Amino acid sequence: MISVRGLSKSFGGQKVLDGLDLDVARGEILAVMGPSGTGKSVLLLHLIGLMAPDAGEIYIDGINVTRLKERELLKFRRQVGYLFQDSALYDFMTVEENLSFPLKEHTRLKANEIKAKVEAFLKMVDMAGAGSKYPSELSGGMRKRAALARALVLGSKVLLCDEPTSGLDPIRSRDISMLIRDLSRQHGCTTVITTHDVRNAFRSADSAVVLCQGRAVGRGSEQALRGLTDPFVKEFLE
Ligand SMILES: Nc1ncnc2c1ncn2[C@@H]1O[C@H](COP(=O)(O)OP(=O)(O)O)[C@@H](O)[C@H]1O
Ligand SMILES: [Mg+2]
């Protein structure tokens, strides 16, 4: 479903991605782990075409993302759910409005259909009754859940989550990690989660890789990764 080949990106003289290869099968949930500054967000931004690589190709569901023109990119991005690290809800809109906005813009659903859909998605993330609140009135965990509902509301089959547990306490981190897993499964999503939170990564993901010097090292369960001898991976997992 997602196939990354030889992806390279430098900023100034700093090589962040260096010939990265990565495959995610349809319906798989993969965690991309690594300490901060290793290029996790940069990778996700490439996957939705918000950053252009120096070299390499990205295929998502058969589409070569790196070759899309601006207009095609806009259409493509609608098919990908993206949970930003800071949730990125529109502050001036209520939660309900945040979810209805993409539906109004990109579907032909009628007002009552949109209302029903938004209600269903809020219920799904345990936010029924919070639709009239503004993002500033929500806790960090609620903002993440609302943003997750918004990421899925257009029916995306690809879900990208950037550091979904950052800024949350251990309980909220566990909850959002399990929710991402449940909803990915329910909606048949192919999901990539970036995180430096090893414990919660495996609450969401089927398998994980560690980003190391611009490449993806290892692939597998927590146990499999712990069996690797790569010193960088070892240090990161400890
Ligand atoms: N737009 C940019 N311009 C210059 N440097 C950038 C830009 N985006 C990211 N970087 C650099 O790339 C590296 C990886 O960043 P990032 O992907 O955000 O790391 P993380 O793994 O914490 O998500 C960092 O050193 C960061 O400073
Ligand atoms: Mg990041």
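Residues numbered from 1 in each chain as written. Chains lettered and ligands numbered in written order. Predicted model: local features only at pLDDT ≥ 70, side-chain atom pairs only at ≥ 80, totals over all residues. Heavy atoms only, no water.

1. Section: the overall build of the protein chain
Heads up, the rule is: For helices the rule is a DSSP run of H or I covering at least 4 residues; for strands it is a run of E covering at least 2, with both sets numbered from the N terminus onward. What the globule rule says is 2.2 Å times the number of residues to the power 0.38, and the radius of gyration is computed from C-alpha atoms. For every residue, the accessible area obtained with a 1.4 Å probe (protein chains only) is divided by the maximum for its type, and the residue is called buried under 20%, exposed over 50%, and partly exposed between those limits. The contact definition used throughout considers only heavy atoms, calling two residues in contact when any of these lie within 4.5 Å. Using a 1.4 Å probe, accessible areas were evaluated by the Shrake-Rupley method; residue-level cover was limited to the displayed protein chains. Here Asp and Glu are counted as negative and Lys and Arg as positive; His is not counted, and neither are the chain ends. Charge positions come from single atoms, namely NZ of Lys, CZ of Arg, CG of Asp or CD of Glu.
If you tally the helices and strands in the protein chain, you get nine helices and 10 strands. For 238 residues, the compact-globule estimate of 2.2 N^0.38 gives 18 Å, and the C-alpha radius of gyration of the protein chain, at 18 Å, lies within 12% of that figure. In terms of overall dimensions, the protein chain has a C-alpha envelope of 55 × 40 × 30 Å along the principal axes. Within the protein chain, the fraction of its 238 residues that count as buried is 49%. For the protein chain, the share of sequence-separated contacts (at least 6 apart) that also reach a separation of at least 24 residues comes to 67%. For the protein chain, the computed accessible surface area is about 11600 Å², with 50% contributed by carbon and sulfur atoms. For the protein chain, the centre of its 33 positive side-chain charges and the centre of its 29 negative side-chain charges are spaced 4 Å apart.

2. Digging into the pattern of salt bridges
Pairing between side chains becomes possible if they bear opposite charge and their charged atoms approach one another. Just so we agree on the cut-off: The salt bridge criterion pairs a side-chain nitrogen of Lys or Arg with a carboxyl oxygen of Asp or Glu, the two atoms within 4 Å.
Counted according to the given criterion, the structure contains 12 salt bridges. Between Arg174 and Asp175 there is a salt bridge whose closest N-O contact spans 3.2 Å. Using a relative accessible area of 35% as the deciding quantity, one classes Asp175 as partly exposed. Residue Arg226 is joined to Glu222 by a salt bridge in which the shortest nitrogen-to-oxygen separation is 3.0 Å. On the criterion of helical spacing, the pair formed by Arg226 and Glu222 is a turn pair, its members being four residues apart in helix 8 (residues 222-226). According to the relative accessible area criterion, Arg226 is partly exposed, its value standing at 42%. Taken together, the salt bridges that share partners define one network made up of Arg181, Arg185 and Asp206.

3. So, the packing of aromatic side chains
When we look at a pair of aromatic rings, we describe it by the centre distance and by the angle of the planes. Our working rule: Paired rings are identified among Phe, Tyr and Trp, the last through its six-membered ring, by centres lying within 6.5 Å, and are further divided according to the angle between planes into stacked (under 30 degrees), edge-to-face (over 60) and tilted (the rest). Distance and angle both matter: a charge sits over a ring if NZ of Lys or CZ of Arg is within 6 Å of the ring centre and within 35 degrees of the ring normal.
If you walk through the whole model with that rule in mind, you get three aromatic pairs. Consider the rings of Tyr90 and Phe92, whose centres lie 5.9 Å apart with planes at 40°: the pair is tilted. Relative accessible area serves as the criterion here: at 33%, Tyr90 is assigned to the partly exposed category. Given a relative accessible area of 61%, Phe92 falls into the exposed group. Each member of the aromatic cluster is reached from another via a ring pair, and the members are Tyr90, Phe92 and Phe101. Note that Arg150 overlies the ring of Tyr90, its terminal NZ or CZ placed 5.2 Å from the centroid.

4. Examining the packing of helix 5 (residues 140-152) against helix 6 (residues 170-186)
Each packed pair of helices is defined by two parameters, the angle between the axes and the distance between the axes. We apply this condition: Note on geometry: axes are lines fitted to C-alpha atoms, helical ones only across the stretch in contact, with angles between N-to-C directions running from 0 to 180 degrees. Each angle is binned into one of four classes, with values under 35 degrees roughly parallel, values over 145 roughly antiparallel, values of 65 to 115 roughly perpendicular, and all other values oblique. Take the far helix as your reference; a near helix turned counterclockwise from it by less than a right angle gives a left-handed crossing, and one turned clockwise gives a right-handed crossing.
Axis separation between helix 5 and helix 6 bottoms out at 10 Å; the angle between their running directions is 10°. Taken together, helix 5 and helix 6 sit at an angle that is classed as roughly parallel. Here helix 5 and helix 6 pass one another in a crossing that is right-handed. Here Gly141, Lys144, Arg145, Leu148 and Leu152 of helix 5 come into contact with helix 6, specifically with Arg172, Ile176, Leu179, Ile180 and Leu183.

These figures capture arrangement, not role.
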